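So you can see what is in the structure, the chains are spelled out below.
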Amino acid sequence: MCDTVDSGTQVAIHELGNRDGEDQGWREDIKQGCSRFVRSCCTVKTAKTRLPILTWLPTYRLAWLFRDFVAGFTVGLTVIPQGLAYAALAELPLQYGLYSAFMGCFVYCVFGGSRHVTLGPTAITTLMVAEYVNGEPVYAVVLCLLAGCVQFLMGVLHLGFLVNFISFPVLAGFSSAAAITIATSQVKLVLGLKNIPRSFIKAVPTIFQKITHTNLSDMGMGIVCFVVLIVLKKLKEVDWDKKKGTLQKPPLWQKILRKVLWLFGTVRNAVVVVAASLVAYGLLTRGISTFTLTKEIKPGLPAFQPPQFWLVKNGTVVKNGPEIIQDIGVGLVIVPLIGFLESIAIGKAFARKGNYRIDATQELIAIGVTNMLGSFVSAYPVTGSFGRTAVNYQSGVKTQLGGLFTGILVILALAFLTPSFKYIPSAALGAVIISAVIQMVEYSVIPVFWRVKKLDLLAFFVTFFGVLLLGIQYGIALGVGVSLIILLYPSARPRATVYPASIAPDDVLIVQLESGLNFPAVDYMRDVVAKDAFKEKPYKNVVMRCCCVSDIDCTVVQALDQLIEEFEARGLKLHFSCMRPDIRAALVRSKIKGFRYFKTCEDAIAAMREPDQENGEVIMTDHALLSNIDTPDDDTPDNTPDDVPCTIHIPAVNVSKVTAV
């Protein structure tokens, strides 16, 4: 008895020892994997990839400093009035637009991979902020932090590919609807109307109901500002040097005048806002108050502090952190995704112009760090701005250092100019936004979609009207859903060409699969084959060409097994040809009963035509069956080419009778 106990104890101890050894083994594997990861992160190459400043700063030339200063200063003159206008669009105090305008300049200088991209508040991001924060600065700052965390995590996990599921028609429909929504929301500022809903579907009838309450002074100011902005934009775009029939160089005064006009056109927003403010201030000094002015702005720089995760009203906490996050809801996903998509599209466009490449993962990290740090200075989510990036490019910026001068200019404006911002007419800010977003309506892509692929129009209009009538999240969700259906539909309804008896021998039907064969297409393909195979005078043999089949799964294998059994029950035979070696090997391993494979259709037809010596029937010999389904070993090269030609040489081919399903 004791011997038995001792023996059992020894076995138990031995098993525990083996288990401890196994635990020690996987712990050692994890330790070694972490060690390799840390070593790979601590290389010079990784440091230069994740901190692009280490690449361009050592090669910086002093001659570039002036170009970067001019570009940064010009962008700064553009972002200041836009920041104020976008804050009004987000229904936040105006200083929050400037709070959001400078952190991205400094962070992107270190982490950014494009020398042209400038981060800051944009029309699209601001519209989404207005949608999800309901005018509460606390909500905006929390959204900034969490959106930055999502973007940074996506960058670390290399999840930037997720935005590829948002197709160009969806993006075009979204930006067009967003532009119309933004422009409609600013009509109230131009007309001096009050209490206009943010939603487009509610705002339009309300504006018409209150049109009789229009402030004519605001309307006049808004129209004049809008016209001046358009004229200055056109002057900037004029190519003065392009004169037909003459190569004469213009005199110096013309060159200077053209540069001045270009500069005024580039900083047109600042010119219009300053001019409108001077007009309003001049009238106020004479006791005339006809314009609706912006509210007084909190002076000075924001405090650098962690975001506040509670909402306080009248000294009482009315919302805590979880409740704020719940109220923001799906905005925690949509804002970072659309923000990154907007920025990477801009970055790639200007990278092509500048003949360099950018890393999507690094851009995600840069935007994520910007938003996370921006939340510590009371910013709302930011992304790359197309308009200001274009200004940066046209100003001749050489490196990311230009953003440093932009950020310094915004900080100086916050420190010294905020008392004067209260004289800015609201109509001028409304005109600035309308002139900025009117060019975002992608009407020019509609003919392109019509010519290239008409189904893209469906995704475009579904997204467009969804965003316009239902809201951002529903419009994008509907658009992405339609795009995925358009993408997946060919998998469920693959094209197939059927060769009837007039082309192949009378008792042979050939089915050419022109796309892949996946589980959604199994039932459909079975119906396609059976439609001609199971007629009153059925074919004796059906050959399926599988040269376009690149993948296969268990559902397809099971369906093929059932289809072969059904053919056998009806006295028919199903053959396969032109199949990739890996697909053929998978079917052989599945041990489908009655599986017949040939390298080409010619081989299949030749085997069918081999008569039996006794009764003259067409049969398939065991040699033909076995020799064609042997799977190659890993070390033995397969002589079957992957791109097996799917042409069979049969005389008197009548191409007009080929039917496509």
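Everything that follows concerns the structure shown earlier in this document.
Below: a short report on this structure. All figures in this text were calculated on a predicted structure; none of them were measured in a lab.

Some remarks on the side chain of S277
- Within the secondary structure layout, S277 lies in helix α12 (residues 268-285).
- With relative accessibility at 12%, the residue S277 sits in the buried group.
- The contacts of S277, once residues within four sequence positions are left out, are Y423, I424 and P425.

Side note on the pattern of salt bridges
- Tallying each qualifying case throughout the model produces five salt bridges.
- Between E136 and K313 there is a salt bridge; the shortest N-O distance is 3.2 Å. With E136 in the loop between α6 (123-133) and α7 (137-156) and K313 in strand β2 (residues 311-313), this residue pair connects regions lying 177 residues apart in the sequence.
- Look at K313 and you get partly exposed, because its relative accessible area is 43%.

Overview of the packing of helix α20 (residues 455-469) against helix α21 (residues 472-492)
- Taken N-terminus to C-terminus, the directions of α20 and α21 make an angle of 165°; their axes are 7 Å apart at the nearest point. Accordingly, the angle class assigned to the pair α20 and α21 is roughly antiparallel. For α20 against α21, the interelement crossing comes out right-handed. On the side of α20, the interface is formed by L455, L458, A459, V462, T463, G466 and V467, while α21 contributes I472, G475, I476, L478, G479, V482, S483 and I486.
- Of the residues that constitute the contact of α20 with α21, the class distribution is ten nonpolar, five polar and no charged.

A short note on the nonpolar core
- In this structure, M128 and I472 are the most contacted members of the largest nonpolar core, which totals 103 residues.
- Core analysis: the second largest hydrophobic core is formed by 33 residues, L517, I564, F576 and I592 among them.

Overview of the packing of aromatic side chains
- Enumeration according to the criterion identifies 17 aromatic pairs in this entry.
- Taking 5.7 Å as the distance between ring centres and 85° as the angle between the ring planes, the aromatic pair formed by Y60 and W64 counts as edge-to-face.
- Above the plane of the ring of Y393 lies K353, whose end atom (NZ or CZ) is 5.4 Å from the centre.
- Note that K454 overlies the ring of W450, its terminal NZ or CZ placed 4.7 Å from the centroid.

What about the pairing of strand β8 (residues 573-577)?
- Burial of β8 is extensive: four of the five residues sit out of reach of the surface.
- As judged from the five bridges shared by strand β7 (residues 541-545) and β8, these two strands associate in the parallel manner. When the bridges of β8 are listed, V543 appears paired with H575.
- Remark: the β7/helix α23 (residues 554-569)/β8 crossover connection has right-handed handedness.
- The pairing of β8 with strand β9 (residues 597-598) spans two bridges and is classified as parallel. Opposite F576, over in β9, you have Y597 as the bridge partner.
- Following the chain from β8 across helix α24 (residues 581-589) to the adjacent parallel β9, one finds a crossover that is right-handed.

The rules we used
Residue positions within a chain follow its written sequence, with the count starting from 1. Two thresholds apply to this predicted model, a pLDDT of at least 70 for residue-level local features and 80 or more for giving and counting side-chain atom pairs, whereas whole-chain, interface and lining totals are computed over all residues. Hydrogen atoms and water are omitted, and side-chain values are computed over all heavy atoms in the structure. Strands are runs of DSSP state E lasting at least two residues, helices are runs of H or I lasting at least four, and both sets are numbered from the N terminus onward. Using a 1.4 Å probe on the protein chains alone, a residue whose accessible area is under 20% of its type maximum counts as buried, one over 50% counts as exposed, and one in between counts as partly exposed. The criterion used for residue contact is that any of the two residues' heavy atoms lie within 4.5 Å. A pair is scored as a salt bridge if a Lys or Arg side-chain nitrogen falls within 4 Å of a carboxyl oxygen belonging to Asp or Glu. Angular values range over 0 to 180 degrees, each being the angle between N-to-C directions of two axes fitted as lines to C-alpha atoms, with helices fitted over their stretch in contact. With respect to orientation, any angle under 35 degrees is reported as roughly parallel, any angle over 145 as roughly antiparallel, any angle of 65 to 115 as roughly perpendicular, and every other angle as oblique. Left-handed describes a crossing whose near helix is turned anticlockwise from the far helix through less than a right angle; right-handed describes the clockwise counterpart. Amino acids outside the nonpolar list (Ala, Val, Leu, Ile, Met, Phe, Trp, Tyr, Cys, Pro) and the charged list (Asp, Glu, Lys, Arg) are all regarded as polar, and Gly is one of them. For this analysis, a nonpolar core means a set of buried residues of the types Ala, Val, Leu, Ile, Met, Phe, Trp, Tyr and Cys, connected via side-chain atoms within 4.5 Å. In this scheme Phe, Tyr and Trp rings, the latter by its six-membered ring, pair at centre separations within 6.5 Å, and the angle between planes marks the pair as stacked below 30 degrees, edge-to-face above 60, and tilted otherwise. As a reminder, the over-ring test applies to NZ of lysine and CZ of arginine, requiring each to be within 6 Å of the ring centre and within 35 degrees of the ring normal. Only strands joined by at least two bridges in the DSSP assignment are considered to pair. Convention used here: a crossover is right-handed provided that the path from the first strand, over the helix, to the second strand proceeds clockwise when the strands point away from the viewer.

Remember that the coordinates give geometry; whether it matters functionally is a separate question.
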